[in-house]
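Each chain, letter by letter, is given below.
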Amino acid sequence: MEKIYMAATILILWLLLTGHVYSTPQITIFDKVATLSETTNTNTILSSIQCSDPDGDPTRTYVSNVNPTSPCTNCFEVLDCLPNECLEFRSGVGALNAATAPIYIVTIACDDSKETPVTEVIQINIQPSNAPRFVPDTFKATYTLANTRNVAAGADIYDVDATDDDPGDDVTYTLKVLPSDYSDKFTIEKTTGQIKSNAALSTLCASALTFEVTISDGDHTVGPQVIAVTLNNPNEAPVAINLDREVQVPEDATGNVHIIEYLDPSTDWGPIIYTHSSINTDGLAQYTFDGTSTNIDIVGALDYEKSALRETNVKIQLSDSQCQSQEHFLKIVVTDVNEDPVITPLRSTIEVCEGEREFDTKLTVTDPDNGDTHTWSFHPTTDNRNGYFSIIPNTGWLKTNLDYDVDTNTDLPNIATTKTFYLQVDDKGGLTATATLTVNFLDCNDNAPVFQQPSYTFSATECAASGAIVGTLVASDADSARENNNVFTFAGSSGAVKSDTGGQLTIQTALPAGSVTTFNVYATDQGETPGPLTSKNPAVVTVYFTECPTTAPPVTAAPATAAPTTAAPATAAPAQPNTSGIDLSLGWIILAAMLGAVFLGLLTYMCWRYGALFRCPSCCRMPRNCCKGRCVKKKVQPRRPQRRDPQRRPESPEDPAPVEDPNPGFIFGFWKERYKNDDHQRQPNRKALPEPGDMNNVNTNTVDDLEYGAAQDGPGTTKPPGKGCCSRCNIL
């Protein structure tokens with residue numbers, strides 16, 4: 001507390017010593033109320049302001065607040081207006097609107113940067129603006145212009161009067177003329193409202209028009225005010241009667257297309273002329289427009305198929321040298337006319353392959369009518385009585401309805417290699433065209449080679465040299481010799497024997513005697529159209545290899561007791577050539593081998609069956625079954641096989657017990673069929689179940705290796721070794 005008192009004492013002493021006290025600034029001059037029109041559009045001073053400071057300090061005056069803040073908050077500003085300052089309205093910063101903000105309260109402040117600023121309030125009243133208005137005493141809603149065709153350019157036509165209650169507001173005038181085509185004929189003075197003619201009204205070419213006048217003071221626009229003007233004795237443009245329509249002209253038409261008809265209300269202004277134009281300049285060039293005659297004629301020939309020239313829209317305006325009519329149009333449309341089709345060429349010849357096929361006639365149809373359809377048919381003069389041919393209606397191609405084969409034409413009548421057709425085409429309108437077509441049917445390669453026989457057999461010796469010819473293959477072809485259709489090449493090989501391209505079979509490598517090689521050989525013709533063909537089935541070639549031939553032994557005379565034999569003469573008949581391709585010695589060799597085998601078998605059987613000495617000369621060196629007959633002391637009598645019930649087999653104490661062999665042979669063992677003593681007198685019944693083999697009493701011709709091996713000591717042994725030669729061999 002003591003410190004506070006001390007500070008206050010020091011301050012008082014300082015003020016007393018300095019002797020200076022600051023004073024607040026003062027606003028001494030200002031207007032508390034100002035008026036401002038809402039239409040003000042220039043900078044305007046609202047109040048003069050004087051602010052001073054008793055201390056002589058410099059001051060600054062400024063706007064500290066504006067209420068309301070919209071729509072013109074920043075429109076007010078304090079400026080230096082010597083000798084004092086002033087509050088000024090700044091135009092262009094914002095918009096004044098009496099309806100929105102009729103009063104603004106502007107607070108101004110003065111500040112010396114040391115004391116508290118001093119403030120004052122200025123009220124600004126916004127005065128609403130008045131719109132301009134037409135003077136009713138002088139305004140005429142209707143007006144008649146007398147002797148219009150004689151009115152010169154610059155003449156006064158009508159005066160419009162308007163006023164504005166706001167002092168200082170200027171009224172401006174604008175004019176709109178209807179129809180708009182006449183806008184260039186009249187004008188209005190902007191500040192006076194006087195309507196004048198821009199040109200001689202003889203070119204006005206109308207009987208009535210309308211003025212629309214609008215006035216403005218810059219803030220308000222009033223109007224338009226409508227003035228209906230009647231033109232007395234005007235010049236009128238010609239009137240077209242038969243334009244603004246479409247005219248259709250057939251494409252084959254000539255001469256006149258259309259004649260323009262019109263009316264001329266004012267006949268004292270000269271002849272009627274017209275202008276024409278079109279964006280389709282090429283189409284326009286098809287017709288004549290001379291500008292004076294009302295006739296529109298065709299130039300040259302029209303063409304509906306040229307789509308660009310199919311429609312021409314022409315703009316036409318009539319004129320009496322002073323007034324032009326409104327713009328009219330005439331649409332000229334070219335219509336289609338059916339025209340004859342044309343077949344090219346009219347006469348032609350083509351070549352096609354034989355067979356069943358469709359083929360192009362190489363004919364072309366042209367028709368001036370775009371999009372026309374065409375149907376092909378045979379002309380009645382065409383000879384198709386057998387129905388061998390037909391024509392495809394939409395393409396004109398010909399078709400053979402069967403295998404039209406010129407190779408073998410004996411089965412079908414009227415088969416010819418050359419045929420003439422008369423063809424006809426009809427368009428959708430019934431117009432026709434004809435053409436003559438000659439077709440040469442070629443013998444094309446449509447038959448593959450065929451071998452004369454499906455298989456061939458040849459022989460060769462094992463000592464034949466490489467390249468030796470074994471035989472020749474022969475094939476045929478139903479095609480003619482055209483384009484080498486019946487010229488063949490052969491191909492096929494087994495490695496040892498090969499066919500060359502001519503069909504000859506040659507040795508490549510001889511095989512040992514007794515070898516046989518078989519392979520296929522194909523024949524391919526050399527036809528060019530549509531190409532070579534190969535035989536569907538090959539020729540199967542078989543070649544047997546035999547021994548090399550040996551020198552024949554010398555012929556000797558027969559014994560004295562035999563009939564006399566003479567040797568063959570030294571000069572034998574010449575050998576005939578072997579044309580079959582088969583070695584003739586091979587047959588004799590095969591026949592001799594077969595006969596030798598038969599005699600050898602017969603001799604072997606006779607020795608075995610009846611030659612006892614031959615059968616067992618040394619029993620111990622022979623198999624078990626050789627010990628029948630002599631070598632066995634007790635001969636077993638053969639007994640006839642008895643027919644037994646297949647379901648039951650009588651048990652016999654002599655039958656040995658069945659032995660389970662772990663690995664019995666397929667044809668050996670218990671169920672083996674046997675024929676006792678191998679001397680059966682009648683054919684056994686093989687449909688009955690087989691009987692168990694009586695292996696202890698009867699020996700068969702078959703040595704059972706499994707039984708033989710098991711008979712030594714195995715469980716299958718049922719009889720001790722016997723006596724005699726078989727006992728010495730220990731064979732059961």
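Procedures and definitions
Residues numbered from 1 in each chain as written. Predicted model: local features only at pLDDT ≥ 70, side-chain atom pairs only at ≥ 80, totals over all residues. Heavy atoms only, no water. Helix = DSSP H or I, 4+ residues; strand = E, 2+ residues; numbered from the N terminus. Buried < 20%, exposed > 50% of the residue type's maximum accessible area, 1.4 Å probe, protein only. Contact = heavy atoms within 4.5 Å. Areas by Shrake-Rupley, 256 points an atom, 1.4 Å probe, with all protein chains shown as cover. Polar contact = N/O pair within 3.5 Å; in protein donor to acceptor, adjacent residues only side chain to side chain. Pairing = 2+ DSSP bridges. Axes fitted to C-alpha atoms, helices over the stretch in contact; angles between N-to-C directions. Salt bridge = Lys/Arg side-chain N within 4 Å of Asp/Glu carboxyl O. Lys, Arg positive; Asp, Glu negative; His and termini not counted. Patch = residues over 30% accessible without salt bridge, like charges linked within 9 Å, V, L, I, M, F, W, Y side chains within 5 Å. Charge placed at Lys NZ, Arg CZ, Asp CG, Glu CD. Phe/Tyr/Trp six-rings, centres within 6.5 Å; stacked < 30°, edge-to-face > 60°. Lys NZ or Arg CZ within 6 Å of the ring centre and 35° of its normal. Disulfide = S-S within 2.5 Å. pLDDT = per-residue confidence, 0-100.

A.B. asks: Can you lay out the overall build of the protein chain for me, pointing to particular residues and giving the numbers?
C.D. replies: Looking only at helices and strands, the protein chain features six helices and 44 strands. Of all 732 residues assigned to the protein chain, the portion counted as buried reaches 33%. The contacts of the protein chain with a sequence gap of at least 6 include a subset with a gap of at least 24, amounting to 65%. Total accessible area on the protein chain stands at roughly 44300 Å², and carbon and sulfur atoms take up 54% of it.

A.B. asks: Hey, could you go over the side chain of Asp525 for me, with residue numbers and the actual values?
C.D. replies: Residue position: Asp525 is located in strand β43 (residues 516-525). In this structure the side chain of Asp525 is engaged in a polar contact, spanning 2.7 Å, whose partner is the backbone nitrogen of Leu533.

A.B. asks: Outline the sheet that holds strand β10 (residues 142-145), listing residues and values.
C.D. replies: Ordered in space as β10-β17-β16-β13, the four strands form an open sheet in which the pairing is mixed. Looking at the sheet topology across the chains shown, the edges are occupied by β10 and β13 (172-178). The mean inter-strand angle of the sheet, taken between neighbouring strand axes irrespective of direction, is 30°. In this sheet, strand β17 (residues 221-231) lies alongside strand β16 (residues 208-216) in antiparallel orientation, the contact comprising eight bridges. Note that in β17 the partner of Val213 across the bridge is Gln225.

A.B. asks: Which residues make up the pattern of salt bridges, and what values do they have?
C.D. replies: Under the criterion given, the structure shown has seven salt bridges. The closest approach of N and O atoms between Arg90 and Glu88, which form a salt bridge, is 2.6 Å. The exposure class of Glu88 is buried, given its relative accessible area of 11%. Note that Glu311 and Lys331 form a salt bridge whose closest N and O atoms lie 3.7 Å from each other. Within this pair, whereas Glu311 is found in strand β25 (residues 311-319), its partner Lys331 is found in strand β26 (residues 328-335), the two being separated by 20 residues in sequence. By relative accessible area, Lys331 is classed as partly exposed at 25%. Salt bridges linked by common partners bring Glu77, Glu88 and Arg90 together as one network.

A.B. asks: Tell me about the side chain of Glu354, and please be specific about residues and values.
C.D. replies: You can see Glu354 is positioned in the loop between β28 (347-353) and β29 (358-359). For the buried residue Glu354, which engages in no salt bridge, the nearest side chain bearing the opposite charge is Arg482, 7.6 Å off. One polar contact links the side chain of Glu354 to the main-chain amide nitrogen of Val406, over a distance of 2.8 Å.

A.B. asks: Now, about a negative patch on the surface: what can you tell me, with residues and values included?
C.D. replies: There is a patch of like negative charges on the surface, built from Asp156, Asp159, Asp161 and Glu189. Mapped onto the secondary structure, Asp156 falls in strand β11 (residues 156-159).

A.B. asks: So, the environment of Asp282: which residues are in play, and what are the values?
C.D. replies: Mapped onto the secondary structure, Asp282 falls in helix α2 (residues 281-284). Along the backbone, Asp282 and Thr312 are 30 residues apart, and their C-alpha atoms lie at a distance of 8.7 Å.

A.B. asks: Can you explain the sheet that holds β11? Please cite residues and give values.
C.D. replies: One open sheet holds the three strands; their spatial order is β11-β15-β14, and the pairing between them is antiparallel. Every other strand in the sheet has two partners, leaving β11 and β14 (186-188) as the edge strands with one partner each. The average undirected angle you get between the axes of adjacent strands in this sheet is 20°. Of the pairings in the sheet, the one linking β11 to strand β15 (residues 194-197) comprises three bridges and is antiparallel in character. Within the sheet, the bridge partner assigned to Asp159 lies in β15 and is Gln194.

A.B. asks: Please give an account of the packing of aromatic side chains that cites residues and values.
C.D. replies: How two aromatic rings sit relative to each other is given by the distance of their centres and the angle of their planes. One pass over the full model with this rule turns up 13 aromatic pairs. Here the aromatic rings of Tyr143 and Tyr158 are separated by 5.4 Å at their centres, their planes lie at 70°, and the arrangement is edge-to-face. Here Tyr143 is found in strand β10, whereas its partner Tyr158 is found in strand β11, with 15 residues between them in sequence. The exposure class assigned to Tyr143 is partly exposed, which follows from its relative accessible area of 22%. Ring geometry for Phe378 versus Phe421: centroids 5.9 Å apart, planes at 20°, classification stacked. Taken as a pair, Phe378 in strand β31 (residues 374-378) and Phe421 in strand β34 (residues 418-427) lie far apart in primary sequence, 43 residues in all. Relative accessible area serves as the criterion here: at 21%, Phe378 is assigned to the partly exposed category. Each member of the aromatic cluster is reached from another via a ring pair, and the members are Phe359, Phe378, Tyr388, Phe389, Tyr404, Phe421 and Phe441. The ring of Tyr304 has Arg310 sitting right over it, with the charged end atom 4.0 Å from the ring centre.

A.B. asks: Tell me about unusual backbone geometry, residues and numbers included.
C.D. replies: At the junction of Asn67 and Pro68, the peptide bond is cis and its omega measures out at 5° in the coordinates. Locating Pro68 in the fold gives a position in the loop between β4 (60-67) and β5 (76-81). At Ser113, a residue that is not glycine, the phi angle is positive and equals roughly 70°. Looking at the element boundaries, Ser113 is found in the loop between β7 (103-111) and β8 (118-127). Positioned with a positive phi, Asn484 is a non-glycine residue whose angle comes to about 60°. Tracing the sequence through the fold places Asn484 in the loop between β39 (475-476) and β40 (488-493). By relative accessible area, Asn484 is classed as partly exposed at 35%.

A.B. asks: Break down the environment of Tyr182 for me, with residues and values.
C.D. replies: Looking at the element boundaries, Tyr182 is found in the loop between β13 and β14. Between the C-alpha atoms of Tyr182 and Ala206, which are 24 residues apart in sequence, the distance is 9.0 Å. For Tyr182, the residues in contact, after removing those within four places along its chain, are Val177, Leu204, Cys205 and Ala206.

A.B. asks: Any details on a nonpolar patch on the surface? Residues and values, ideally.
C.D. replies: Residues Trp588, Leu591, Leu595, Phe599, Leu602, Tyr605, Met606 and Trp608 make up a contiguous nonpolar surface patch of roughly 900 Å² in combined accessible area. The residue Leu602 is located in helix α3 (residues 584-610) in this model.

A.B. asks: Account for the state of the cysteines, with residues named and values stated.
C.D. replies: Between two cysteines, a covalent bond joining their sulfur atoms is known as a disulfide. Evaluation of the coordinates by the stated rule reveals five disulfides. A sulfur-sulfur separation of 1.7 Å characterises the disulfide bridge that pairs Cys81 with Cys86. Look at Cys81 and you get partly exposed, because its relative accessible area is 24%.

A.B. asks: Can you explain the environment of Val33? Please cite residues and give values.
C.D. replies: Assignment of secondary structure puts Val33 in strand β2 (residues 33-37). Along the sequence, Val33 and Ile105 sit 72 residues apart, while their C-alpha atoms lie 9.4 Å from each other. Contacts of Val33, omitting those with residues within four sequence positions, involve Gln123 and Asn125.

A.B. asks: An account of the confidence of the model for the protein chain is needed here, citing residue identities and associated values.
C.D. replies: For the protein chain, the mean per-residue pLDDT works out to 79, and 75% of the residues sit at or above 70. Confidence drops under a pLDDT of 50 for residues 612-638, and excluding neighbours within four residues, the segment shows 45 contacts in the predicted structure. Scored below 50 in pLDDT, residues 641-656 shows 12 contacts in the model against residues more than four places distant or in partner chains.

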